[in-house]
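# Tertiary structure, described
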Amino acid sequence: MNVNGSRFELLLGRQDWGRCRGGDGDGAHTLDAAWKGAVASPPIDPDPQLPAWEAMRNEVMLSARLIELPSTPAEQPFSLDARRPASADRHGNVYRIGDDRATLAVYSAGSRRESIFWPASPADCADEADRWRRDFQPVEAPDAPARDVFLALAVSADDYLVVAYARGTKRGFLAFDLVAGGPPVPTAWPDAVPFDPFDMAPRHGGGVWVLDRDRRLLWELDCRLAVVSVAQPSETLLEGELDDFQPLTGDVRERAPVLFPGGIDLAGSPGAVVKPIAVEMLDEGRVLILDIDEAMNRSRVVRLRREEGAWIANASRWLDEMPDLAHDFVLGRARLFNGADAAKLLFIATRGGNQVRAYTVMDGPDSFDLSASTDLFPLRRFGGRALVAIKEDGYYDSGITSVVWTPIVQQPRALYERRAQFVTPVFDSLDVATTWDRVVLDACLPPDTAIAIESRAGDEFEGVLEGSPPAFVAAQVIGSWMPEPAPILRSDGPELPFLRDEAARATRREKGVGAWDLLLQNAKGRYLQLRITLTSANGMATPRLRALRAWSPRFSYPQRFLPAVYREDATAGPFLERWLSNLENTLTNMEDRVVNVQALFDARVAPAETLAWLASWFDVAFDPAWDVRRQRLFVKRAMDYFRWRGTVHGLRLALDLAFDPCIHESEFDDPAPGDAQGRGIRIVETYQTRLVGALAAGDAGSSEPGPRIVKLDAMWSPGEGNAGLVERFAAFLGTTATFSQQVTPFSLVPPTDGTVDKWAAFTQAALGFVPSIGTAERTRWRNYLMARGVAPDAIALPRDYPATPGDQELWLAFAKIKDGAWMRARWQDFLARRYRSIQKLDRAWQATWPSFEAVALPDVLPETAAAQTDWLQFERQVLAMHRTAHRFSVLLPLEDVTSDPAELERRLGLARRIVELEKPAHTVFDVRFYWAFFRVGEARLGLDTQMGSGSRARELVPEAILGRAYVGASFVGGAARPKDGDRLLAAC
């Protein structure tokens, strides 16, 4: 609804457009029923006067027509004698029967050249009549043996090239092992069984299908080339007869007759095949037969399937759209001009030879038919030998003398019907005597196409209402059709702001794409129906309708703003109404923007060009690489982003905005506990690695062998006191501590008696660290005493506030020296934060320190348990955290070892710039990659695990380099790496 209260009825999508009807709206079927009938089984011939539905674009258009390429005077129709059976193996090598039918040729996928495959050498090609001419010759020259004539061939699923041959009256097969190589294995056919193979096709699981055209028989041979018999009559090879030797008593011994399975009778099947000329495997137990009727000049396809021990045939409709008889067919894919993946189609070549017809196979359990495609697939220099499927793609032989196998490619041409007409459902304005305002079409009208609209409106209708408005499917408005003006392309885009694309407006207008506006002239009444006529002047282009919006009621400027005298004149009044409606349309768009100006401040609906302006309110400039969705997300959650700025979560958000291709709004929410390492980009704070190691803390790029856990339960604790620590040290040295040693404070400074290494090893094991702060403090204290002329060993580093005034003055003067005393300052700050007042510290330590600034660093173990606990926590935990504080690592996932090094360096540089801008000023960081998949020795099963082929993964196999790579262990290099299974193999 706009600012003036007008609203629109909408047709959008197949469900809405499918409610329309043909003619004047009284058609027997809706458009949806007609569209479903076009793909039904059997299909219903579409009415050329009805529009078609284009599913890829979701648009209504003129029905496409088959393009018939006319033959040139030099083109002669093919005969079946031009056929030379061909078949391809799984590697793309094509085998065919030579034009002389005495040789087999192979087209190599590697060299793209054709050569003789069999006979294998020139000696084998020599005339058989010359072979008997030797030193010793018979008195009379024998007759030259008959040469093999190859009739048909096919490559089986188990990599055997099976060739049917004729040798005089003899028939049989040659089986070539394409994997192991070597000479063929012959299989003879019984002389008593008539057999003339014409075409062959591979059989599912191994073996072949063999078509005997003249006798209309189909033979199924398994992988041993044995005939498979399913409810087929058998041929008798040898009659049964009595044995020459009979027993003296008992039954007479008789030899059973020798039977041979017969072929599948195509003429007697329910399909009643007229003349089969080609066979193609469809699936296990199902096969397609190409059938022609020369008398009626028509062709069809018959599906033969095996079910419960019987053969059932289903024939398609006669393909009357083909002007000539079928010549050959193949089931495969074609290359589409737009590069999209194509489904398998059945391509049928006619005897004209300049194009193939494409059909979609509708293979149901109890029905079978073909749906014709209107796409154009021309053939260039088709020799008529064969259509063949190479790696499931359709190919044909191109060339007259030398054969080149050329893929079947779609040509981007189309031919459409000249006219189509349909009627919309009834639209209801819900108000009597409504003046309908306008119709807006989201459409494409190329040159030489047009859309004409007629309307009829009234307050009454006839028929049955089905559903609620606007779904008045079976109703009609009472009234006559009135012509409306031709729609005009709007210069400012659609009237709905969320449909506007300002950047592409100029280009789209040149192509006739946009919103086409039509001001209704005669539509007044509660109900409205539109009759839409699509036309094409030459059939080379079609108008396309995506959406239709019928607006009502009209906001009348004369009625609202002018005196009634301006509406009294029967001629001038309606003219003024229509003229001011054009101004109303323009002004309403402006008023809509004023009323809905708040939409500009909502990142979800604001126009794309305003997002940068909204971001400038936060003093932010968008990265040019960000798409509109990312910009909207940032503006919408900017406050959350800045709230977390400078934290680990904020850094991760900034990096996800730059690198995550599918960033979700939920990532701006507060981080959940345990969710820190669940994402691809990781930020590892170094202080977290102090106890468990970098790997356990989340640094998957760490070189450490595995997680490291420090056992705290076996260490010394303040509850053991000084005596317990001394006893531990004595046991470590292999001695027993005396009483005097037990009461002497344990030294936190390395000894000078040669046991430094043992002392360091003991403290590391018992305390978890080697004490260091007392050593530096004692050294500074002694240097200070020497500078004052006092013997260094005369006064020890105080464990409590000195008792004498002289010692107090000396110590306070030393405590005021800040140069080099940063560790003491940190120790004093730690105590001040813990106890808050010096009195609480003195009570806990049983000391008399006057202030925190006077507390000394201990160089021996403190006396009380509280002081020992404070020192232990400070040096074991606080200092360990301080050494790694304010340092972190940013880890970017790397999932492919073949990534472009330049791209990786660009990503590293971008990440560094982002972190430098977003990190706290006092922190230090590094950025590096980590492998985002499983590695032996660093297993991280869970969200980070990527399962693949292990050591056989293609990413880990090197490219083949001549002189360095091994056969079978490398792949051919290049810009496009081959598919799986195309490893470099040894030549046979």
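Here is a short report on the structure shown in this document. (Residues numbered from 1 in each chain as written. Predicted model: local features only at pLDDT ≥ 70, side-chain atom pairs only at ≥ 80, totals over all residues. Heavy atoms only, no water.)

### Quick word on unusual backbone geometry
The omega angle of the peptide bond from Trp 118 to Pro 119 is 0°, so this bond is cis rather than trans. Within the secondary structure, Pro 119 sits in the loop between strand 9 (114–118) and strand 10 (149–155). Cis geometry marks the peptide bond from Ser 552 to Pro 553; its omega dihedral reads -10°. By secondary structure assignment, the location of Pro 553 is in the loop between strand 45 (544–552) and helix 4 (557–561). Unlike most non-glycine residues, Ala 433 shows phi in positive territory, near 60°. Its place among the elements puts Ala 433 in the loop between strand 36 (427–428) and strand 37 (438–444). What makes Ala 433 partly exposed here is its relative accessible area of 41%. (Helix = DSSP H or I, 4+ residues; strand = E, 2+ residues; numbered from the N terminus. Buried < 20%, exposed > 50% of the residue type's maximum accessible area, 1.4 Å probe, protein only.)

### Quick word on the sheet that holds strand 15 (residues 208–212)
One open sheet accounts for four strands, arranged 14-15-16-21; its pairing is antiparallel. Edge positions in the sheet fall to strand 14 (199–202) and strand 21 (264–265), since each of these pairs with one other strand and no more. Relative to strand 15, strand 14 runs antiparallel, the two sharing four bridges. When the bridges of strand 15 are listed, Pro 202 appears paired with Val 208. (Pairing = 2+ DSSP bridges.)

### Considerations on the nonpolar core
By size, the foremost hydrophobic cluster in this structure holds 44 residues, and its most contacted members are Phe 746, Trp 811, Trp 827, Leu 831, Trp 845, Trp 849 and Trp 871. Discounting residues that sit within four places of it in the chain, Trp 811 has contacts with Glu 777, Trp 781, Leu 797, Pro 798, Pro 802, Trp 849, Ala 854, Val 855 and Ala 856. Residues Ala 603, Ala 606, Phe 622 and Phe 668 belong to the second largest nonpolar core, which totals 34 residues. (Core = buried A, V, L, I, M, F, W, Y, C linked by side-chain atoms within 4.5 Å. Contact = heavy atoms within 4.5 Å.)

### Focus on the packing of helix 16 (residues 822–835) against helix 17 (residues 838–845)
Axis separation between helix 16 and helix 17 bottoms out at 8 Å; the angle between their running directions is 95°. By the angle class used here, helix 16 and helix 17 are roughly perpendicular. In contact with Trp 827, Leu 831 and Tyr 835 of helix 16, helix 17 contributes Lys 840, Leu 841, Ala 844 and Trp 845. Partitioning the contact of helix 16 with helix 17 into residue classes produces six nonpolar, no polar and one charged. (Axes fitted to C-alpha atoms, helices over the stretch in contact; angles between N-to-C directions. Parallel < 35°, antiparallel > 145°, perpendicular 65-115°, else oblique. Nonpolar A, V, L, I, M, F, W, Y, C, P; charged D, E, K, R; others polar.)

### With respect to the pattern of salt bridges
In the structure shown here, the tally under the stated rule is 59 salt bridges. The closest approach of N and O atoms between Arg 546 and Glu 59, which form a salt bridge, is 3.2 Å. Of this pair, Arg 546 sits in strand 45 while Glu 59 sits in strand 4 (residues 59–61), and the two are 487 residues apart along the sequence. Overall, Arg 546 belongs to the partly exposed group, its relative accessible area being 35%. Between Arg 306 and Glu 220 there is a salt bridge whose closest N-O contact spans 2.7 Å. Of this pair, Arg 306 sits in strand 24 (residues 298–307) while Glu 220 sits in strand 16 (residues 217–221), and the two are 86 residues apart along the sequence. Looking at Glu 220, the relative accessible area reads 1%, which means it is buried. Each of Lys 636, Arg 637, Asp 640, Arg 643, Glu 665, Asp 669 and Asp 670 takes part in salt bridges that share partners, so that together they form one network. (Salt bridge = Lys/Arg side-chain N within 4 Å of Asp/Glu carboxyl O.)

### Looking at the pairing of strand 26 (residues 326–332)
Within strand 26, seven of the seven residues are buried, which leaves it mostly tucked inside the rest of the structure. Inspection of the sheet shows strand 26 paired to strand 27 (residues 345–350) by six bridges, in the antiparallel sense. When the sheet's bridge partners are listed, Gly 332 is paired in strand 27 with Leu 345.

### Re the sheet that holds strand 23 (residues 286–293)
Strand order in the open sheet formed by four strands is 22-23-24-25, and the pairing between neighbours is antiparallel. Each edge of the open sheet carries a strand with a single partner, namely strand 22 (276–283) and strand 25 (310–315). The sheet shows a mean angle of 25° between the axes of neighbouring strands, taken without regard to direction. Here strand 24 pairs with strand 25 via six bridges, running antiparallel. Residue pairing for strand 25: Leu 304 is matched across the bridge by Ala 313.

### Description of the pairing of strand 37
With respect to burial, strand 37 is a largely interior element, seven of its seven residues being buried. Neither face of strand 37 is left uncovered, since the one carrying Arg 438, Val 440, Asp 442 and Cys 444 and the one carrying Val 439, Leu 441 and Ala 443 both have all their residues buried. As judged from the seven bridges shared by strand 37 and strand 43 (residues 513–519), these two strands associate in the antiparallel manner. If you follow Cys 444 over to strand 43, its bridge partner there is Val 513. In this structure, strand 37 lies alongside strand 45, joined through seven bridges in antiparallel fashion. Within the sheet, the bridge partner assigned to Arg 438 lies in strand 45 and is Trp 551.

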